[in-house]
Amino acid sequence: LVAHFSLAFLVHFILGLQLSLDALETVFKCPDIDIFVIISADQDMIPLMNRLKYYGKIVDLYYLEASIADDQLILDFCDNQFSILLPGSETHRGKK
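Residues numbered from 1 in each chain as written. Predicted model: local features only at pLDDT ≥ 70, side-chain atom pairs only at ≥ 80, totals over all residues. Heavy atoms only, no water.

The next thing to look at is the confidence of the model for the protein chain. Mean pLDDT over the protein chain: 85, with 84% of residues reaching 70 or higher. The secondary structure element of the protein chain with the lowest average pLDDT is helix α1 (residues 7-29), at 88, and the one with the highest is helix α2 (residues 46-54), at 96. (pLDDT = per-residue confidence, 0-100. Helix = DSSP H or I, 4+ residues; strand = E, 2+ residues; numbered from the N terminus.)

Evaluation of the coordinates by the stated rule reveals 2 salt bridges. A salt bridge links Asp79 to Lys53, with the nearest nitrogen and oxygen atoms 2.7 Å apart. With Asp79 in the loop between β2 (58-64) and β3 (80-84) and Lys53 in helix α2, this pair connects stretches of sequence that are 26 residues apart. Relative accessible area serves as the criterion here: at 31%, Lys53 is assigned to the partly exposed category. (Salt bridge = Lys/Arg side-chain N within 4 Å of Asp/Glu carboxyl O. Buried < 20%, exposed > 50% of the residue type's maximum accessible area, 1.4 Å probe, protein only.)

A sheet is described by the order of its strands in space; here 3 strands give the open sequence β1-β2-β3, paired in parallel fashion. The two strands at the open ends of the sheet, each matched to only one other strand, are β1 (35-39) and β3. Between one strand axis and the next, the sheet turns by 20° as a mean value, whatever way the strands run. Most of the contacts of α2 go to β2, to which it runs at about 155°, and overall it touches β1 and β2. (Pairing = 2+ DSSP bridges. Axes fitted to C-alpha atoms, helices over the stretch in contact; angles between N-to-C directions. Contact = heavy atoms within 4.5 Å.)

Attention now goes to α2. Along α2, the residues classified as buried are Ile46, Leu48, Met49 and Leu52. One side of α2 holds all its buried residues, which, seen down the axis, span an arc of 165°. Exposed residues on α2 whose side chains face more than 90 degrees from its buried face are Pro47 and Tyr54. The inward-facing, buried residues of α2 abut α1, β1 and β2. (Arc of directions from axis to C-beta.)

A separate point is the packing of aromatic side chains. Under the criterion given, the structure shown has 3 aromatic pairs. Between the aromatic rings of Tyr54 and Tyr55, the centroid separation amounts to 5.2 Å while the plane-to-plane angle is 80°, which identifies the pairing as edge-to-face. Given the relative accessible area of 34%, Tyr55 is considered partly exposed. Look at Tyr62 and Phe82: their rings are 4.8 Å apart centre to centre, the planes differ by 25°, and that puts the pair in the stacked class. (Phe/Tyr/Trp six-rings, centres within 6.5 Å; stacked < 30°, edge-to-face > 60°.)

Laid out in C-alpha cells, this is it:
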C-alpha cells in the first residue's frame, strides 16, 4: 500500500516540522527568549505551542479570523491571541 500525498501537503508538513524544530532549538540555545510569536491558524501548531508553554515560554498567537477552525482549539494553547485585521474588518480578539 502506497500513500499518495500532494506536493502542497508535503511542503506544508515539512515547513511546519522545520518551524517546530527551530523554535525548540531556540528554547535551549537562547534561554533568555521568553516570548514566542506564532502567526498561524493551523492546528498543527498546537504541539509546538504546548511544548513552548511547558518550558515556561509565553506564546503569542496572531491569526486570520476567517482561517481559524470552527472549534478554535488552538486559542487554548496561547497566552495572548490577536486576530489580524483585514481591510474592512472590525474584529479583534485579545486575551491576557
